[in-house]
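Results of the structural survey
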Amino acid sequence: MAKSDVKTSLLDNMIGVGDSVLLEPLTEDTFLENLKKRFDHSEIYTYIGSVVISVNPYRPLSIYTPTKVEEYRNRNFYELSPHIYALADEAYRSLRDQDKDQCILITGESGAGKTEASKLVMSYIAAVCGKGAEVNQVKEQLLQSNPVLEAFGNAKTVRNDNSSRFGKYMDIEFDFKGDPLGGVISNYLLEKSRVVKQPRGERNFHIFYQLLSGGSEDLLRQLKLEKGFNHYNYLGLDSAEVNGIDDAANFRTVKNAMQIVGFMDDELESVLEVVAAVLKLGNIDFKPESRVNGVDESRIKDKNELKEICELLGQDQAVLERAFSFRTVEAKQEKVSTTLNVAQAYYARDALAKNLYNRLFTWLVNRINESIKAQTKVRKKVMGVLDIYGFEIFENNSFEQFIINYCNEKLQQIFIELTLKEEQEEYIKEGIEWTHIEYFNNTIICELIENNINGILAMLDEECLRPGTVTDETFLEKLNQVCAVHERFESRMSKSSRFLNDTTLPHNCFRIQHYAGKVMYHVEGFVDKNNDLLYRDLSQAMWKTNHVLVKSLFPEGNPAKMSLKRPPTAGSQFRASVATLMKNLLTKNPNYIRCIKPNDQKAPHIFTEGLVRHQISYLGLMENVRVRRAGYAFKQLYEPCLERYKMLCSQTWPHWRQGARDGVEVLLTELQIPSEEYSYGRSKIFIRNPRTLFELEDQRKRRLEDLATLIQKIYRGWKCRTNFLLMKKSQIIISAWSKRHFQRKKYLRLKMVTLRIQSYIRGWKARKLLRELKHQKRCEQSATTIAAYWRGTQVRREYRKFFRANAGRKIYEFTIQRIMQKYFVDLKNKMPSMSPTEKTWPARPYLFLDSTHTELKRIFHLWRCKKYRDQFTDQKRATFEEKLEASELFKDKKALYTNSVQQPFQGDYLEISKNPKYQKLNGAVEEKILLADVVNKINRANGKGAPRIFLLTKSNFIIADQKSGQIKSTIPVMDITSISVSKQTDGLFAIHLKEGSTAAAKGDFLFTSDRLIEIITKLYRTIFLKTNQKIAVEINNEFLVQFNQDKVCVKFIQGTQKNGNLPACKRKNNRLLEVTVP
Ligand SMILES: Nc1ncnc2c1ncn2[C@@H]1O[C@H](COP(=O)(O)OP(=O)(O)OP(=O)(O)O)[C@@H](O)[C@H]1O
Ligand SMILES: [Mg+2]
């Protein structure tokens, strides 16, 4: 499918023949006819193999749209109908994919469409290469450099309204991916003479017209310019306006482009100032002025223009004025200043204008280069685009045309070298059968111009450097001498006088038979233009300016850097730069675009056969076709060829062990390519038809896809397998580890259990053993003990006769006896006193005597008390018995008791029997008086006390008056029922009487006495003796007494001490008698 596409698309709907190689029959006429036919059908492009022929349509065509770009993108060269895009795509892909630096050589005469073609190539590449913000900016800058350079370097000529007046070679740099990185522009010899003078029907450089038409009023005022081209001498008037060129619009485009490229506002301003100054320089006029000594001098007519120029350039007016009037020549360190006449002044003016403009142009190129420079140092791929001024023949051809045509001659030479000569030579070298094709080799013309010894440029240089008077005529003379014999050189005055009769050749001219035709050059101005001299006074004046840009344009004006050495001539400079260019081009893979101009009218649809035929002839297109037809479309060394296509054949893939040539042979045979399609050279394979190559390429592409799939498949398989193996390995490791872990755990458990069982068994065994051993030992011990006893028995039995049988007991008893003896003796010596109150007792000497010792102490004490008691009389005993009774009654019950302990119970304190006072009383009492004392009897009614004698006998107690001894009451003790006292220290006591008894008629008695304890004790004892009954002694702080019929409560309360221990009684009411006790 693709194959048929390839084959048919170029041929399908084809007008004429797309590729001239296919022309049948091949003659110049058929070739021309084919071009014309295609041209008439708007097919301006035709191939000769890989060379593109482009016929200028002189009208816009709709074949440069983005759709077209996409159509041609990544397509093989012959796949679609011929187009400049196909060539651009081929070159770009070859650069990107095969890493081959490319150059695109665009040739053709002036107006043939070279510049347009170069722009189409650039825009196509910009459209198809990488994208992105940075890349887009680079692209934009590269593309926008074109309008800037065209404005300053292009002009309308009779041949072309937009003729390039400089040569341009641009290297576009790409990175490894094919994205543009930047570029470098080289410019070649600007036709600067155009600045001051233009041939009839031509214009100055576009920028002047653009500035005047498009500059705003403000800008023009600022630049001191006036609108209207007619104000300026340097602007040719006859064709200032050009149809189809909108200078004003172009001015805006240029300004915009300069901004995109990266020009600063102040730089743009400076550039326009220089342009304006150049324009105004043309308006400076000089008038002659004769001096006294007869030397010609000149004066500036109108100094206003000069003043404005100086203002624009930041120049001192006097300095510039002087530079226009004098010329300083330095010779042998002497400075000679000569005045300039009017002609010389004009010459100086024009030289300055030309130089200023030329240098400005070079500065612009450098400035653009600075902006578009690639920002990286990595290795770059390069695509060079060469758009140089085309071959031109004017009415009046001067130095510039000579140079331009020389350059074209060199390009033609390169074309011949690469396409015709080299190719044919290669066929012969490779041993391919080949019939030589005649072609014109222009080396001879190049030699005529550039030969170092007798070339025209060398002659011109020699003439310029020669001392003495040098004029264009002397140069022509020299040429006549040296070159006259050259077959391509013609001149009226040549030595051989061959052309003396040729009246078409004026005297001041020479003619060269260029590859593209004969061109007659006027020698006038050759020396001057070659010298390219600017008076030093002018360059120094320019350097003195304070206009930064202008100053930088004239570095040689700096006196510090002044050199007496002549700068290289324009001719030699150009020759050197062309040589470098050629060298550069030869390192790259060439792609040719050959432009053809269809008519001289610059009009569409006109195809002037004669004109085109001429171009076909001098461009060598017929030879080109013939070589292509006879030759092979493609050739390649065997090794790379095999390397590239070996995958298409099973025998050569993946390795071919034998020679590369054999490999290629096997390969082509297996692919069944017809043998007439290729030839085997010595080192290369030659493929006749490009289509065969494309077929190979297609197959290779498909195979590569298969291989990629295979690689992918194998890689994926490998990856999966590796992954699987890794997982398997990991799984084994993991399971091994986990098995190990579980086994280890199991083993440890087993070990532990075993150990435990083992230890139990061992323990059990050990215990058993221990038991046995213990038993054995006990047996041994028992045996030993028995034996010992037995032996002891035996020994005792044996030795009994030698000891008393109970010596031990005796000794023991004796010892005890001795100890007891000592104990008793010591005790006797340490005996305590006999007082029953004595508490001391000697310390116990032996522990075993403890109980004995205590017992002895008790016995001794009892004995001591008995002894003590034995001493008592009956009376004393009775006293002690009373004391004992008192203690039983009151101890720890009544507080008063403690005071009574020390007091002996005397009984009769009144000595009644002895005291005469109580004689009567004594006589009245029959019984023995047991107690006689004075007590206070408490009045029952008011509680007041009255002293009474209290007597106690065995049967009664008697109350008598203290003074008179008169008995007041006698109460039988049997009538007493109980006695009440308080718990406190008071001496109040109540004697309760039997109800109903005579004594109780008035009620119970209340007494107070200090000797309460003794009185009550004695009463108690007496009653016991009498009745054998123990009466109750109530000890309480509150008790009831019976007064007459009343039961009165006696209540003890705490009070202050008033009269010793005697309580103060107070009858409160019927029921209460309050006793205040201290
Ligand atoms: N492909 C094209 N399509 C339309 N017009 C074209 C084309 N090529 C050239 N032209 C027209 O031809 C004119 C001249 O073309 P161009 O400036 O490219 O010529 P040139 O070969 O560069 O000439 P010179 O050597 O003088 O610079 C252009 O201004 C344009 O009008
Ligand atoms: Mg051009």
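Residues numbered from 1 in each chain as written. Chains lettered and ligands numbered in written order. Predicted model: local features only at pLDDT ≥ 70, side-chain atom pairs only at ≥ 80, totals over all residues. Heavy atoms only, no water.

**Details of the packing of helix α4 (residues 84-98) against helix α5 (residues 114-128)**
Where α4 meets α5, the closest approach of the two axes is 9 Å, and the angle between their N-to-C directions is 55°. In terms of their interaxial angle, α4 and α5 are classed as oblique. Relative to α5, the crossing made by α4 is right-handed. Side by side, α4 and α5 meet where Ile84, Tyr85, Ala88, Asp89 and Tyr92 of the first sit next to Ala117, Leu120, Val121, Tyr124, Ile125 and Val128 of the second. (Axes fitted to C-alpha atoms, helices over the stretch in contact; angles between N-to-C directions. Helix = DSSP H or I, 4+ residues; strand = E, 2+ residues; numbered from the N terminus. Parallel < 35°, antiparallel > 145°, perpendicular 65-115°, else oblique. Left-handed = near helix turned anticlockwise from the far one by under 90°. Contact = heavy atoms within 4.5 Å.)

**A short note on the pattern of salt bridges**
Overall, the coordinates contain 55 salt bridges when judged by the stated rule. The salt bridge partner of Arg844 is Asp850, with a shortest N-O separation of 3.6 Å. You can call Arg844 partly exposed: its relative accessible area is 35%. Three or more residues are tied together by salt bridges with common partners; here these are Arg165, Glu191, Arg194 and Glu202. (Salt bridge = Lys/Arg side-chain N within 4 Å of Asp/Glu carboxyl O. Buried < 20%, exposed > 50% of the residue type's maximum accessible area, 1.4 Å probe, protein only.)

**Let's talk about a positive patch on the surface**
A contiguous patch of positive charge, built from Arg762, Lys765, Arg767, Lys768 and Arg771, is present on the exposed surface. Structurally, Arg767 can be placed in helix α26 (residues 690-799). (Patch = residues over 30% accessible without salt bridge, like charges linked within 9 Å, V, L, I, M, F, W, Y side chains within 5 Å. Areas by Shrake-Rupley, 256 points an atom, 1.4 Å probe, with all protein chains shown as cover. Lys, Arg positive; Asp, Glu negative; His and termini not counted. Charge placed at Lys NZ, Arg CZ, Asp CG, Glu CD.)

**Comments concerning the site of ligand 1**
Every one of the 19 residues lining ligand 1 counts as a neighbour, but Asn56, Ser110, Lys114, Thr115 and Ser163 are closest to it. A distance of 2.7 Å is found between an oxygen atom of ligand 1 and a side-chain nitrogen or oxygen belonging to Asn56. Taking Lys114, its side chain carries an N or O atom lying 2.7 Å from an oxygen atom of ligand 1. Bound to the protein, ligand 1 loses 87% of the 620 Å² it would expose on its own. Mapped onto the shell around ligand 1, the elements with two or more residues apiece are α5 and β5 (163-164). Counting residues per element, the shell around ligand 1 draws most heavily on α5, which supplies three residues. Among the residues making up the shell around ligand 1, the classes are represented as five nonpolar, 10 polar and four charged. (Near = heavy atom within 4 Å. Polar contact = N/O pair within 3.5 Å; in protein donor to acceptor, adjacent residues only side chain to side chain. Nonpolar A, V, L, I, M, F, W, Y, C, P; charged D, E, K, R; others polar.)

**Comments concerning the coordination of the magnesium ion (ligand 2)**
Protein-derived coordination of the magnesium ion (ligand 2) comes from Thr115 (OG1) and Ser164 (OG), at a distance range of 1.9 to 2.1 Å. Of the two residues, Thr115 is situated in helix α5 and Ser164 in strand β5; the sequence distance between them amounts to 49 residues. The buried category is assigned to Thr115, whose relative accessible area is 12%. (Donors = N, O, S within 2.8 Å, 3.2 Å for Na, K, Ca; no water.)

**Remarks on the packing of aromatic side chains**
All told, the structure shown has 43 aromatic pairs when counted by the stated rule. Taking the centre distance of 5.2 Å and the plane angle of 55° together, the rings of Tyr823 and Phe824 count as tilted. An aromatic cluster is defined as three or more aromatic residues linked by ring pairs; in this entry it consists of Phe399, Phe402, Phe475, Phe489, Phe510, Tyr521 and Phe526. Here Arg203 stacks its cationic end above the ring of Tyr209, 3.9 Å away from the centre of that ring. Positioned over the ring face of Phe326 is Arg322, at 4.4 Å from the centre of the ring. (Phe/Tyr/Trp six-rings, centres within 6.5 Å; stacked < 30°, edge-to-face > 60°. Lys NZ or Arg CZ within 6 Å of the ring centre and 35° of its normal.)

**Structural notes on the packing of helix α10 (residues 265-281) against helix α11 (residues 303-313)**
Viewed as axis vectors pointing N to C, α10 and α11 meet at an angle of 160°, and their least axial separation amounts to 9 Å. In terms of orientation, α10 lies roughly antiparallel with respect to α11. Note on packing geometry: the crossing formed by α10 with α11 is left-handed. Of the residues in α11, those touching α10 at Glu273, Val274, Ala276, Ala277, Lys280 and Leu281 are Glu305, Glu308, Ile309, Leu312 and Leu313.

**A closer look at the sheet that holds strand β18 (residues 678-680)**
Strand order in this open sheet of three strands is β17-β19-β18, and the pairing throughout is antiparallel. Edge positions in the sheet fall to β17 (634-637) and β18, since each has one partner strand and no second. When strand polarity is set aside, the average angle formed by the axes of neighbouring strands in this sheet is 15°. Here four bridges tie β17 to strand β19 (residues 684-687), and the two strands are oriented antiparallel to one another. Counted as the bridge partner of Gln636 is Ile685 from β19. Against the sheet, helix α24 (residues 638-645) contacts β17, β18 and β19, and its axis sits at roughly 100° relative to β17. The strands touched by helix α25 (residues 660-670) within the sheet are β18 and β19, with β18 carrying the most contacts at an inclination of about 155°. (Pairing = 2+ DSSP bridges.)

**Brief notes about helix α29 (residues 874-890)**
A rise of 1.5 Å per residue sets the reference length of α29, with its 17 residues, at 24 Å; its end C-alpha atoms lie 24 Å apart and thus fit the reference within 8%. Within the span of α29, buried status applies to Glu882, Lys883, Glu885, Ala886, Leu889 and Phe890. In a view along the axis of α29, the buried residues occupy a sector of 160°, so they form one face of it. Away from its buried face by more than 90 degrees, α29 exposes Asp874, Leu884 and Glu888. (Expected span 1.5 Å × (residues − 1). Arc of directions from axis to C-beta.)

**Some thoughts on the nonpolar core**
The biggest cluster of nonpolar side chains holds 185 residues, and the ones touching the most others in it are Phe152, Phe324 and Phe510. Ranked by the residues each element gives to this core, the list is headed by helix α13 (residues 342-372), at 15 residues. Listed in part, the 34 residues of the second largest apolar core include Ala886, Phe950, Ile971 and Leu1012. (Core = buried A, V, L, I, M, F, W, Y, C linked by side-chain atoms within 4.5 Å.)

**Here we look at the environment of Arg657**
The topology assignment puts Arg657 in the loop between α24 and α25. What makes Arg657 exposed here is its relative accessible area of 73%. In sequence terms Arg657 and Cys595 are 62 residues apart; their C-alpha atoms lie 48 Å from each other.

**Focus on the confidence of the model for the protein**
Mean pLDDT over the protein stands at 87; residues scoring 70 or higher make up 96%. Under a pLDDT of 50 for its full length, residues 1-9 has, in the predicted model, 11 contacts with residues more than four places off or in other chains. (pLDDT = per-residue confidence, 0-100.)

**Focus: the side chain of Ser298**
If you trace the backbone, Ser298 turns up in strand β9 (residues 296-300). A relative accessible area of 4% means that Ser298 is categorised as buried. Contact partners of Ser298, with chain neighbours within four places excluded, come to Phe286, Lys287, Glu289, Phe324, Leu340, Asn341, Val342 and Ala345.

**A word on the side chain of Ser94**
Mapped onto the elements, Ser94 comes out in helix α4. Filtering out sequence-adjacent residues up to four positions away, Ser94 remains in contact with Asp99, Lys100, Gln102 and Asn589.

**Regarding the state of the cysteines**
Counted under the stated rule, the structure contains zero disulfides. Lacking any disulfide linkage, Cys483 is separated from the closest cysteine sulfur, that of Cys446, by 14 Å. Residue classification places Cys483 among the buried positions, given a relative accessible area of 2%. A disulfide-free cysteine, Cys595 has its sulfur positioned 15 Å from the sulfur of Cys407, the nearest such atom. For Cys595, a relative accessible area of 0% puts it in the buried group. (Disulfide = S-S within 2.5 Å.)

**Quick word on helix α21 (residues 570-586)**
Under the 1.5 Å per step criterion, the end-to-end length of α21 is 24 Å for 17 residues, consistent within 8% with the ideal 24 Å. Among the residues of α21, Ala570, Gly571, Ser572, Phe574, Arg575, Val578, Leu581, Met582 and Leu585 are the ones counted as buried.

**Details of unusual backbone geometry**
Residue Pro654 is bonded to the preceding Trp653 through a cis peptide linkage, with omega at 0°. Relative to the elements of secondary structure, Pro654 occurs in the loop between α24 and α25. Even without being glycine, Leu189 reaches a positive phi, approximately 25°. You can see Leu189 is positioned in the loop between β7 (180-188) and α7 (206-214).

**Brief notes about the pairing of strand β12 (residues 381-387)**
Here β12 lies mainly inside the structure; seven of its seven residues are buried. Taking every second residue as pointing to the same face, both faces of β12 are buried, with Lys381, Met383, Val385 and Asp387 on one and Val382, Gly384 and Leu386 on the other. In the sheet, strand β3 (residues 102-107) pairs with β12 via five bridges, with the strands oriented parallel. Across the sheet, Gln102 pairs through a bridge with Met383, a residue of β12. In the sheet, strand β6 (residues 167-174) pairs with β12 via seven bridges, with the strands oriented antiparallel. Bridged to Lys168 within β12 is Asp387.

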